[in-house]
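A look at the structure
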Amino acid sequence: SPAPVKVAVTGAAGQICYSLLFRIASGELLGPDQPVELRLLEITPALKALEGVVMELDDCAYTTLAGVEIGDDANKVFDGVNLAMLVGARPRSKGMERSDLLEANGAIFTAQGKALNDHAADDVKVLVTGNPANTNALIAKSNAPDIPATRFNALTRLDHNRAKAQLAAKAGVAVSEVTNVTIWGNHSATQYPDAFNARIGGKPAAELINDQAWIENDFLPTVQKRGAAIIEARGASSAASAANATLEHMRTWVGGTADGDWASMAVPTDGSYGIAEGVISSYPCTVKDGEYSIVQDLELNDFSRAKIDASVAELREEQEAVTSLGLI
Ligand code: NAX
């Protein structure tokens, strides 16, 4: 069998990883014929819990799992890694200001960006799930000057999947009928899920649904605030669905998008759709041979344009905040 692909995952003792690690190890990321070696990073106090997770991975006896290494030193854990999923982050605690949150995460993502820069394999792909995901990815990218900028993505696939499920439910069709969904902008409440370029059974979703009020007053806020609704219902934030989205984003990035469809990926801006360089924003992307391309020339109506601009403005504010903190 081929040499194992080294997959780094951070926040490995946390709730998302309690689902994610088992799916990667079972072959769901790279297929049943590709062995994977897991490299798991945690903070020191969580290493004991992580040892328990590793015991459970052992107890699955996955034939695709070639080895597991754990540690609290990013320089060792990231050595030679081909794929890196940065899930661990500092959550906002009571009384914490936004700038405190950016600063706490800045410390994590500057260090991890440098460690990836110095130790990861040449082909490394880095996906940030930990919040604020877009700006954490920007910090990691800025601290890894030797890695091409296009190797840094942030996760909006969970928002993408949420939008897909809402459109399918509204139209009364199977989710497989819903394609070409796009999340634009930031992974936050300002994100813009685009029902106008989405398709249902190959037809424009907004035309088929024909209910602008539902799009504005129901679809948008439901997708934007879904994370909060899950916390309200479950008493804990999305975990299995976030793990699923993290896995799907990386699988798409490695394996490609289906013909005629695209995926939402937060990627470094390059001027597409008038969004200047400097932030990491979600776009419709196709992937071929392990490289993504931003889908060009989609039509944006005035409603969409205003929503996208508002979300990008929020990304610029975060960019300015981390710039003034000296993190990028
Ligand atoms: P948990 O608090 O259960 O787990 C996070 C883990 O990260 C903890 O075990 C912690 O010890 C570890 N950690 C903290 N600092 C670290 C560091 N410097 N190096 C390595 N590990 C470190 O959170 P969980 O529910 O798993 O969520 C993880 C992150 O995903 C959070 O930032 C969360 O906000 C974010 N999310 C992002 C989503 C997205 O769509 N982009 C959706 C789900 C989720 O809310």
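Let me begin by describing the structure that accompanies this report. A quick note: this is a predicted structure, and the numbers were derived from the prediction, not measured.

From N to C terminus, the protein chain includes 11 helices and 14 strands. A compact globule built from 328 residues would reach a C-alpha radius of gyration of about 20 Å, and the protein chain, at 19 Å, matches this within 12%. The principal-axis extents of the C-alpha atoms in the protein chain amount to approximately 50 × 45 × 40 Å. For the protein chain, buried positions account for 52% of its 328 residues. The contacts in the protein chain between residues at least 6 apart in sequence include a share of 73% that link residues at least 24 apart.

Relative to the 18 Å expected for 13 residues at 1.5 Å per residue, helix α8 (residues 212-224) spans 17 Å between its end C-alpha atoms, a close match to the ideal helical length. Bending of α8 peaks at approximately 25° at the position of D218, with proline P221 no more than four residues after it. The complete set of buried residues in α8 reads W214, I215, F219, L220 and V223. For α8, the secondary structure elements touched by its buried residues are α6 (157-171), β8 (182-184), β9 (192-194), α7 (205-209), α9 (226-234) and α11 (302-324).

One open sheet holds the three strands; their spatial order is β7-β10-β11, and the pairing between them is antiparallel. In the strand order of this sheet, the two ends are held by β7 (178-179) and β11 (203-204), each with one partner. In this structure, strand β10 (residues 199-200) lies alongside β11, joined through two bridges in antiparallel fashion. By the bridge assignment, R199 is partnered in β11 with P204.

For the rest of this paragraph, the subject is the site of the ligand. Lining the immediate surroundings of the ligand are 22 residues, of which Q15, I16, E42, T129 and N131 lie closest. Contacts to the ligand include Q112, whose side-chain N or O atom sits 3.3 Å from a nitrogen atom. Isolated, the ligand exposes 880 Å² of accessible area, and the fraction of that covered by the protein chains is 80%. Class assignment for the residues of the shell around the ligand results in 10 nonpolar, 11 polar and one charged.

Our focus in this paragraph is the pairing of strand β5 (residues 125-128). Because side chains alternate across β5, one face comprises the buried residues K125 and L127, and the other comprises V126 and V128, equally buried. Taken together, the four bridges between strand β4 (residues 83-86) and β5 define a ladder with parallel strand orientation. If you follow L83 over to β5, its bridge partner there is K125. In terms of handedness, the path from β4 via helix α4 (residues 98-119) over to β5 forms a crossover that is right-handed. Looking at chain direction, β5 and strand β6 (residues 152-154) are connected through three bridges and run parallel. Note that in β6 the partner of L127 across the bridge is N153. The parallel pair β5 and β6, bridged by helix α5 (residues 133-142), forms a crossover whose chirality is right-handed.

Calculation rules
Residues numbered from 1 in each chain as written. Predicted model: local features only at pLDDT ≥ 70, side-chain atom pairs only at ≥ 80, totals over all residues. Heavy atoms only, no water. Helix = DSSP H or I, 4+ residues; strand = E, 2+ residues; numbered from the N terminus. Rg over C-alpha atoms; globule rule 2.2 N^0.38 Å. Buried < 20%, exposed > 50% of the residue type's maximum accessible area, 1.4 Å probe, protein only. Contact = heavy atoms within 4.5 Å. Expected span 1.5 Å × (residues − 1). Bend = angle between axes of the 7 residues up to and from the residue. Pairing = 2+ DSSP bridges. Near = heavy atom within 4 Å. Polar contact = N/O pair within 3.5 Å; in protein donor to acceptor, adjacent residues only side chain to side chain. Areas by Shrake-Rupley, 256 points an atom, 1.4 Å probe, with all protein chains shown as cover. Nonpolar A, V, L, I, M, F, W, Y, C, P; charged D, E, K, R; others polar. Right-handed = clockwise from strand over helix to strand, strands pointing away.

Coordinates in, geometry out; function isn't part of it.
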